[in-house]
Amino acid sequence: MQQPQITQADVKRFVDHLARRDRKAAVRQALGLLEAGALAQDVVQVLLGSAQAEVGRRWEANQWSVADEHAATAITDAALGALGWRIEAAEDQGHVVVTCAEGEWHSLPARMAAEVLRLHGWQVTFLGASTPASHLRRFLTEVDAIGVVISCSVPIFLSGAQRSIQAAHAAEIPALVGGRGFGPDDLRARRLGADGWAPDTVAAAHLLMVWRRQPPEVAKPTASASERESLELEAARPELVQAAMNDLFLRFPPLAGYSENQLARTREDLGYILQFLEAALLTDDPRIFLDEFLPWLTRVLTARGLPAGVVTVGLEALAAVLDGYPRSQELIAQGRRLAADRALDG
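Calculation criteria
Residues numbered from 1 in each chain as written. Predicted model: local features only at pLDDT ≥ 70, side-chain atom pairs only at ≥ 80, totals over all residues. Heavy atoms only, no water. Helix = DSSP H or I, 4+ residues; strand = E, 2+ residues; numbered from the N terminus. Buried < 20%, exposed > 50% of the residue type's maximum accessible area, 1.4 Å probe, protein only. Phe/Tyr/Trp six-rings, centres within 6.5 Å; stacked < 30°, edge-to-face > 60°. Disulfide = S-S within 2.5 Å.

Chemist: Please clarify how unusual backbone geometry should be interpreted in this entry.
Modeler: Across residues other than glycine, the phi torsion is negative in most instances, and most of the peptide bonds are trans. Even without being glycine, Glu 172 reaches a positive phi, approximately 60 degrees. If you trace the backbone, Glu 172 turns up in the loop between helix H7 (158–170) and strand E4 (175–178). Looking at Glu 172, the relative accessible area reads 67%, which means it is exposed. The backbone of Asp 284 shows a phi angle near 55 degrees, a positive value even though the residue is not glycine. Mapping Asp 284 onto the fold places it in the loop between helix H11 (260–283) and helix H12 (287–303). On the accessibility criterion, Asp 284 (33% relative accessible area) is partly exposed.

See below:
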């Protein structure tokens, strides 16, 4: 008998359940596909994973609120939990620890990874969201694990991922990393000192099998000038945001009519720009700032009724206060040109 494939129609139906906040129907559909013979890892990764990507897209497009997104995520989490009780794992391959990077609160991708690793025969201890690095280190010294899998969904938490990697190394446990925050290749993983990177959980399971046969030598990262600038930028972020706000009042007169809530959101946006800039510097990967964050920010703001040009204005205000940060100034200048081009295209 041919195993049924998860289709786009299946994903759409599941998303419709999320939109109606119909928990029972969502769980019933996921279990029904499993009982019909679909591969468990496909139900987890294709059905639930694709549905969550659509949830994020609807928030980005301002079609759903944060509350809508959270409600949908809770239902997907319930479906994942129900699947976990029905999944029969293969023989025990050994013990691995799965956790989110310090500061990373998007735990559902990591939990999905934990369930797929169980399918591949691993005994998994899942530590959940934002495990403090010091606590992770202590935990790893008390358990016998082949490796720790560290998930990071948003690049601004890569500094936390670095601390998590260092905690694993202090416990003499190799660190395997993954998630959207680490990007499409192993560059960021290597720059942060991880021992391995996987584009998906199946690849992670295979790499862990290699580690089981021959544990890797723990990596020893070296600090770069770009990384040092990232740390300096992080330390000065509150003062830089305030200075940029002062400059923005001069560059963008409508700001004077903003409500307190709107001003708070503007400060928050400037802070996010700096955080993504810090992540790009930390990993020496400009794609984080230029190719991923700025287009995303432009889409989010324009979906909420703001002109695309506000991104350029914000970058100009930050550029005016970033004296002494040469690499940051360079990335800001590139970002301004790209943001201006996108504003014209829009």
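Chemist: Whenever I open this one, the packing of aromatic side chains confuses me. Can you help?
Modeler: How two aromatic rings sit relative to each other is set out by the distance from centre to centre and by the angle between their planes. A complete count under the given rule lists five aromatic pairs for this structure. Look at Phe 276 and Phe 293: their rings are 4.1 Å apart centre to centre, the planes differ by 10 degrees, and that puts the pair in the stacked class. Here Phe 293 lies in helix H12 and Phe 276 lies in helix H11, a separation of 17 residues in the sequence. For the pair formed by Phe 276 and Phe 293, the shared burial category is buried. The structure contains a cluster of three or more aromatic residues connected by ring pairs, namely Trp 59, Phe 276, Phe 289, Phe 293 and Trp 296.

Chemist: What exactly am I supposed to notice about the state of the cysteines here?
Modeler: Simply put, disulfide is the name for a covalent bond between the sulfur atoms of two cysteines. All chains considered together, the criterion is met by zero disulfides. Sulfur of Cys 100: no disulfide; nearest cysteine sulfur belongs to Cys 152 and is 8.7 Å away. Looking at Cys 100, the relative accessible area reads 0%, which means it is buried. Since its relative accessible area comes to 0%, Cys 152 is described here as buried.

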